[in-house]
Amino acid sequence: MFVLLLVLIMVLFGFGFLDPIWWVAAAVLVFGATRYGRDRGGGRGRSSRSDLGNYRDYQERRDRQDRWDRRYSRLHRARWRREDRQDREHRR
């Protein structure tokens, strides 16, 4: 898909020597492709706030998975429950 997009941009750029409206079309295509890539995660965000939010989401998922693993593991189930209670009391 990326190769086809590059070929299309080059063709439109070449047609631009015949009529400048094709250069505008090529520029719009490049702009749209870069915006689409950023929306899909291909580009880097402008603020570090989103990175921090992504890290917090990661931490929450990781902690949730750890709690799940501890709760439903058959080995040392009573100890995990006790630690979960202590964790809940600690958060308050």
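If you're wondering where the values come from, they're calculated on a predicted model, not measured in any experiment.

**So, the pattern of salt bridges**
Right, on to step 1. Applying the stated rule across the entire model yields one salt bridge.
Right, on to step 2. Notably, a salt bridge pairs D63 with R62, separated by 3.8 Å at the nearest N-O pair.
Right, on to step 3. You can call D63 partly exposed: its relative accessible area is 33%.
Right, on to step 4. By relative accessible area, which is 33% here, R62 ends up partly exposed.

**Things to note about the confidence of the model for the protein chain**
Right, on to step 1. This prediction gives the protein chain a mean pLDDT of 80; 80% of its residues lie at or above 70.
Right, on to step 2. Element-level pLDDT for the protein chain is lowest in helix α4 (residues 77–91), with a mean of 80, against a maximum mean of 88 in helix α1 (residues 2–15).

Calculation rules
Residues numbered from 1 in each chain as written. Predicted model: local features only at pLDDT ≥ 70, side-chain atom pairs only at ≥ 80, totals over all residues. Heavy atoms only, no water. Salt bridge = Lys/Arg side-chain N within 4 Å of Asp/Glu carboxyl O. Buried < 20%, exposed > 50% of the residue type's maximum accessible area, 1.4 Å probe, protein only. pLDDT = per-residue confidence, 0-100. Helix = DSSP H or I, 4+ residues; strand = E, 2+ residues; numbered from the N terminus.

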